[in-house]
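Observations on the model geometry
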Amino acid sequence: MVDNSSAFRMDPTVPLIIPEINPEAMKGHKGIIANPNCSTIIAITPLWPIHRKNRIHRLIASTYQAASGAGAAAMAELEESTRAHLENRPYKNTVLPHPYAFNLFSHNSKIDASGYNEEEVKMAKETKKIFADSEIRVSATCVRVPVLRAHSEALTIECERPITPGDVRDILKKAPGVKLVDDPEKNYFPMPKDATGQGDVLVGRIRQDSSDPSGKSIALFVAGDQLLKGAALNAVQIAEVMIEKGYL
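One structure accompanies this document, and this report is about it. Everything numeric in this text was worked out from a predicted model, so none of it was measured. (Residues numbered from 1 in each chain as written. Predicted model: local features only at pLDDT ≥ 70, side-chain atom pairs only at ≥ 80, totals over all residues. Heavy atoms only, no water.)

Section: the overall build of the chain
Inclusion rule: Numbering of helices and strands starts at the N terminus; helices are DSSP runs of H or I of at least 4 residues and strands are runs of E of at least 2. Restricting the calculation to C-alpha atoms gives the radius of gyration, and the globule rule supplies 2.2 Å times the number of residues raised to the power 0.38. Each residue gets one of three labels from its accessible area relative to the maximum for its type: buried under 20%, exposed over 50%, partly exposed in between, using a 1.4 Å probe on protein chains only.
In terms of regular secondary structure, the chain is built from 6 helices and 9 strands. Relative to the 2.2 N^0.38 estimate, which gives 18 Å for 248 residues, the radius of gyration of the chain is 18 Å and therefore close to what a compact globule would have. If one aligns the C-alpha atoms of the chain with their principal axes, the spans along those axes are about 55 × 45 × 35 Å. Expressed as a percentage of the 248 residues in the chain, the buried residues total 47%.

Examining helix 2 (residues 72-86)
Heads up, the condition is: A helix is expected to reach a length of 1.5 Å times the quantity of its residues less one. Throughout, the arc means the angular range of directions from the helix axis out to the C-beta atoms.
Given a rise of 1.5 Å per residue, 15 residues ought to cover 21 Å, and the 21 Å separating the end C-alpha atoms of helix 2 matches this to within 8%. Looking at helix 2, one finds that the buried residues are Ala 74, Glu 77, Leu 78, Ser 81 and Ala 84. Seen end-on, helix 2 carries its buried residues on one side only, within an arc spanning 140 degrees. Turned more than 90 degrees away from the buried face of helix 2, the exposed residues are Ala 72 and Leu 86. Downstream of helix 2 by one or two residues, Asn 88 has phi in the positive range, about 60 degrees.

Re the environment of Val 2
Under the convention used in this document: Throughout, a residue-residue contact means that at least one pair of heavy atoms, one from each residue, lies within 4.5 Å.
Here Val 2 lies in strand 1 (residues 2-3). Separated by 119 residues in sequence, Val 2 and Val 121 have C-alpha atoms that sit 22 Å apart. Sequence-distant contacts of Val 2, that is, excluding residues within four places in its chain, are made with Ile 33, Ala 235, Ile 238 and Met 242.

Details of the packing of helix 1 (residues 38-53) against helix 4 (residues 165-173)
Heads up, the rule is: Here the axes come from fitting lines to C-alpha atoms, over the contacting stretch only for helices, and the angles between their N-to-C directions go from 0 to 180 degrees. Between 65 and 115 degrees an angle is taken as roughly perpendicular, under 35 as roughly parallel, over 145 as roughly antiparallel, and anywhere else as oblique. A crossing counts as left-handed when the near helix is turned anticlockwise from the far one by less than a right angle, and as right-handed when that turn is clockwise. When residues are sorted by character, Ala, Val, Leu, Ile, Met, Phe, Trp, Tyr, Cys and Pro go into the nonpolar class, Asp, Glu, Lys and Arg into the charged class, and all the rest, Gly among them, into the polar class.
Contact geometry of helix 1 with helix 4 gives a least axis separation of 9 Å together with a crossing angle of 115 degrees. Between helix 1 and helix 4, the angle falls in the class roughly perpendicular. The chirality of how helix 1 crosses helix 4 is right-handed. The segment helix 1 lies against helix 4, with Pro 46, Pro 49, Ile 50 and Lys 53 engaging Val 168, Ile 171 and Leu 172. Here the residues of the contact of helix 1 with helix 4 sort into 6 nonpolar, no polar and 1 charged.

Read these as spatial facts, not as claims about activity.
Written out as C-alpha cells, the structure is:
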C-alpha cells in the first residue's frame with residue numbers, strides 16, 4: 001500500500017519516499033510505503049541533488065500554500081469569497097478559519113508548545129528522514145495564500161562548503177523532477193500558474209544569500225503542483241519504481 005495520509009510517515013518501520021531522492025529505502029518494506037507531505041516534496045526534490053554535491057547543513061523555508069492543499073471545499077470557498085468581495089457582499093467563511101479573499105494567514109494546522117504548527121513540524125521531521133540526515137537543521141513558516149492550485153516556497157540553504165548560484169544552476173539543469181525557470185532579464189521566475197498541471201518542480205530566483213559572508217548559502221524560489229508531484233504523481237512514481245526494481 002502506498003499511503004498518502006500522514007499516518008505512517010514518521011513510523012520508523014515505514015519507508016518515506018520521494019523516488020528522485022531515496023527509492024532504495026523501499027527495499028524490505030513491510031507492505032506500507034508512505035507518501036511525504038506536499039510542502040516537503042516540493043521543497044526537497046530540488047534540494048537533494050545540491051545536498052549530494054555539497055551537504056546542506058541548514059534549511060529555512062517560507063511556504064505560500066494554495067487552497068487546493070486544504071481540499072476542494074477550500075478552493076470553492078476562495079472562489080465564492082472572492083466573488084462576494086468584488087460584489088461588495090458579506091461572506092461567512094466556514095471551511096478555513098479566516099477570510100480568504102485578498103488575504104493570507106498562518107497555515108490552518110495546530111500549533112504545538114514550540115510555536116510551530118503541524119505543517120512546519122512535518123517539513124522538518126520528514127526532511128531529516130528522507131535525507132537520512134538527523135543533523136540537518138530545518139525551520140519553516142507555512143502560510144495559506146489566496147491561490148487556487150500549486151504551492152510556492154522561498155528557500156534559503158546553508159551548505160557545508162562555499163557554493164555559487166552558477167554551481168546550483170549547473171546541478172539543477174541535470175536534476176530529475178526539476179525544471180529551471182530563472183530569467184532575471186524578463187523577471188520571470190516560478191509561479192503557481194505555470195506549475196499547475198505539471199509534474200516538475202519549478203526552480204528560480206537562484207542567488208547568493210548576501211547575509212552569509214562565508215559564501216556557503218543560497219536563496220531560491222520554487223513552485224510545484226501539490227496535487228501532482230506533491231501527492232498523486234509521487235505516489236504513482238513510487239508504484240512504478242516498486243515494479244521496475246522488484247520491490248513488491
